[in-house]
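# Coordinate analysis (summary)
If you want the building blocks of each chain, they are given just below.
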Amino acid sequence: MPSPTPLDVDVLVVGAGISGVDVACRLARHRPQDVWAVLEARDAPGGTWDLFRYPGVRSDSDMYTLGFPFRPWRGNGSFATAAQIRDYVRETADAFGVTERTHLGQRVERLEWSSQTERWTVTARTSSGVVEHSARFVYLATGYYSYESPHVVDFPGVADFAGPVVHPQHWPAEGLDVEGRRVVVIGSGATAVTLVPALVAQGAGHVTMLQRSPSYVAALPDHDPVADGLRRVLPAGAAHRVVRGKNVALSLAAYRVLRRWPAWGARLLRDRVASRLPGDFDVATHFTPRYDPWDERLCIAPDGDLLDVIADGRASVVTDTVERFERDGVRLGSGSHLPADVVVTATGLRLQFGGGAEVLVDGRVVDIAAGHVYKGLMLSDVPNLAMSVGYTNASWTLRADLSARWFCSLLGHLERTGRTVAVPRYPVEGESGTDDAPLLDLTSGYIRRGAHLLPRQGRRRPWRVVQSYPYDLAVMRAGRIDDGHLELR
């Protein structure tokens, strides 16, 4: 197999998931004069939506906000399956000429900036060796978790278990036979909430969600009657914009209410769950978290599918800890035995910056964790590097698209002013009046475990990552590029 041809471009996008396709489409629309390309480590585009293949995998944000604002979502439901999202992303890439500029099977291992040449050397590994590309700007659309290695818990005695033990991120390509079998899903996050009803639908004899502690679960309708009505009377683009605006407003209002009155919000969420379950179900134990709403992301159950299978007895919830695996099940911390033929360990993700690539500036390795994020998309003291980080309290794409549009504005500003380099400068200690905070403002286990691997945010703007789409929309669209924090030369 011949080695890939080295690229020499204005912008190199790393990652062909929803963020990478978004910024590539924005470049195609707003920067037709620039030469750009997309590198993707895997053999297919789609990112998260191509990686995960476990049963039931779907969006936990409505598709009117998760979808691209420039390409209306035409599906029937608000929450789409991974396959539907993957097709939507790929069709969008085809429509905007992104596919032909996407280079698959190129895993970026090293990014090295040279102040002398004012360019990045991007080293990528392929099946036939290593190739070095050159770019003025690099845009990391890699997300913040590892695609190769999830968080795997080494449970005592797991080798003694007679059946298969599978992590959702490594779901067997040939599928997993659960017909008539007792399945235990370890976890209580979004993946577990998705898996349980899906495994029931595949014919599992019984599915148990084994959780150390509960999560907040919200049952939301899969179909939006407002969207259905508007799409019958308005052009697709107009209907998409109206529904998108409605959903942004409603989700933001719900978030603010739950954060402003957490005790009331927790009671509301608990009562809504209780209304879908038998009267004698122990909601206090199994669906009452120890944290406030939105300290961790809410788990969405479209049409209440998880609650339905619990209510009719095809699934159950056990709140306990794992003491050890045994041949025919799991011994719990309480001493009881939970029988199982199959165990799925939905134990979470492993955080990672930039797909694991090493970053150097003029020969010096950049300590990513010591850096600070500027406007949520650039890294302090690192020139001409941008990244996509979505919201934790809303759809990922809302912020990803704002970042892509701001990035195009930055390129335009540099072009108009005859400059070539942009590097954020974090205020020195004593001048900023800021205190460090984690980049991601959730207390989820996988975020706490890996927070030290990601850059930090400050307490003041533009170094604070504000979880507000209306605020970011105003700042990113109308704010100055040359704001005193971004060194332009």
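Below: a short report on this structure.

How each quantity is defined
Residues numbered from 1 in each chain as written. Predicted model: local features only at pLDDT ≥ 70, side-chain atom pairs only at ≥ 80, totals over all residues. Heavy atoms only, no water. Helix = DSSP H or I, 4+ residues; strand = E, 2+ residues; numbered from the N terminus. Rg over C-alpha atoms; globule rule 2.2 N^0.38 Å. Buried < 20%, exposed > 50% of the residue type's maximum accessible area, 1.4 Å probe, protein only. Areas by Shrake-Rupley, 256 points an atom, 1.4 Å probe, with all protein chains shown as cover. Lys, Arg positive; Asp, Glu negative; His and termini not counted. Charge placed at Lys NZ, Arg CZ, Asp CG, Glu CD. Phe/Tyr/Trp six-rings, centres within 6.5 Å; stacked < 30°, edge-to-face > 60°. Pairing = 2+ DSSP bridges. Contact = heavy atoms within 4.5 Å. Axes fitted to C-alpha atoms, helices over the stretch in contact; angles between N-to-C directions. Salt bridge = Lys/Arg side-chain N within 4 Å of Asp/Glu carboxyl O. Polar contact = N/O pair within 3.5 Å; in protein donor to acceptor, adjacent residues only side chain to side chain. Expected span 1.5 Å × (residues − 1). Core = buried A, V, L, I, M, F, W, Y, C linked by side-chain atoms within 4.5 Å.

## Some thoughts on the overall build of the chain
- Scanning the chain for helices and strands turns up 13 helices and 25 strands.
- Here the C-alpha radius of gyration of the chain, 23 Å, is about what a compact globule of 489 residues would show, namely 23 Å.
- Considering the chain as a whole, with its 489 residues, one finds that 54% of them fall into the buried category.
- When the accessible area of the chain is evaluated, it comes to approximately 20700 Å², of which 50% is carbon and sulfur surface.
- Counting 55 positive and 56 negative side-chain charges, the chain places the averaged centre of each group 5 Å from the other.

## Some words on the packing of aromatic side chains
- Per the counting criterion, the structure on display carries 19 aromatic pairs.
- For the ring pair F155 and F325, a centre distance of 5.5 Å and an interplane angle of 35 degrees mean the geometry is tilted. Taken together, the residues F155 in the loop between β6 (129-140) and β7 (165-166) and F325 in strand β13 (residues 322-326) connect sequence positions 170 residues apart. Of the two residues, F155 and F325, both sit in the buried class.
- Measuring from ring centre to ring centre gives 5.4 Å for Y216 and Y291, while their planes differ by 85 degrees; the resulting arrangement is edge-to-face. One end of the pair, Y216, is in the loop between β9 (206-211) and β10 (217-220); the other, Y291, is in the loop between α9 (283-286) and β11 (299-302), with 75 residues separating them in the sequence.

## Some thoughts on the sheet that holds strand β16 (residues 342-345)
- With parallel pairing, the 5 strands of this open sheet are ordered in space as β7-β16-β8-β9-β12. Edge strands, defined here as strands with exactly one partner in the open sheet, are β7 and β12 (315-319).
- Bridge count for strand β8 (residues 182-186) against β16 is 4 bridges, and the pairing is parallel. Paired with V184 across the two strands is V343, which belongs to β16.
- Docked against the sheet, helix α5 (residues 190-201) engages β8, β9, β12 and β16, running at close to 165 degrees with respect to β9.

## Observations concerning the side chain of E40
- Following the sequence through the fold, E40 ends up in the loop between β2 (36-39) and α2 (48-51).
- The buried charged residue E40 lacks any salt bridge partner; its closest oppositely charged side chain belongs to R42, at an N-O distance of 5.2 Å.
- Here A16 takes part through its backbone nitrogen, which lies 2.8 Å from a polar atom of the side chain of E40.
- With near-sequence residues (within four places) excluded, E40 lies in contact with G15, A16, G17, T102, H103, L104, G105 and Q106.

## Some words on the environment of Q211
- Relative to the assigned elements, Q211 resides in strand β9.
- For Q211, a relative accessible area of 1% translates into the label buried.
- For the pair Q211 and H103, spaced 108 residues apart in the sequence, the C-alpha separation amounts to 41 Å.
- Among all residues touching Q211, those that are not within four sequence positions of it are G187, S188, H286, V317, V318, T319 and D320.
- A distance of 2.9 Å separates a polar side-chain atom of Q211 from the backbone oxygen of H286.

## Focus on the pairing of strand β17 (residues 358-361)
- Of the pairings in the sheet, the one linking strand β4 (residues 107-114) to β17 comprises 4 bridges and is parallel in character. The residue bridging R110 from the neighbouring strand is E358, located in β17.
- By the bridge criterion, 2 bridges tie β17 to strand β18 (residues 364-365) in an arrangement that is antiparallel. Directly across from V361, in β18, lies its bridge partner R364.

## A short note on helix α1 (residues 18-30)
- Between its first and last C-alpha, α1 extends 18 Å over 13 residues, near the 18 Å set by a 1.5 Å rise per residue.
- Counting buried residues in α1 gives 10 out of 13 residues, a clear majority hidden from the surface.
- Every buried residue of α1 is listed here: I18, S19, G20, V21, D22, V23, A24, C25, R26 and L27.
- In the core, the buried residues of α1 are packed alongside β1 (8-14), β2, α3 (63-66), α4 (82-95), β6 and α11 (396-417).

## Considering the nonpolar core
- Ranked by internal contacts, the top residues of the largest apolar core, which has 131 residues, are L111, V185, F287 and L410.
- The element best represented in this core is α11, accounting for 11 residues.
- Sequence-distant contacts of V185, that is, excluding residues within four places in its chain, are made with A192, L195, V196, L199, V207, T208, M209, L210, V344 and A346.
- F155, L210, F325 and V343 belong to the second-largest nonpolar core, a separate cluster that totals 12 residues.

## Some words on the packing of helix α7 (residues 236-260) against helix α8 (residues 262-274)
- For the pair α7 and α8, interaxial distance at closest approach is 5 Å and the crossing angle is 115 degrees. Every residue of α8 that contacts α7 at V257, L258, R259 and R260 is listed here: P262, W264 and G265.

## Quick word on the pairing of β11
- Of the two faces of β11, the one lined by C299 and A301 and the one lined by I300 and P302 are each fully buried.
- Here 4 bridges tie β10 to β11, and the two strands are oriented parallel to one another. Bridged to A218 within β11 is I300.

## Quick notes on the pattern of salt bridges
- In the structure shown here, the tally under the stated rule is 28 salt bridges.
- Between D8 and R119 there is a salt bridge, with the nearest N and O atoms lying 2.7 Å from each other. One end of the pair, D8, is in strand β1; the other, R119, is in strand β5 (residues 119-126), and 111 residues separate them in sequence.
- Across the salt bridge formed by D381 and R425, the nearest N and O atoms sit 2.9 Å from each other. Placement of D381 in the loop between β20 (378-379) and β21 (385-387) and of R425 in the loop between β22 (422-424) and β23 (437-438) is noted, with a sequence separation of 44 residues between them.

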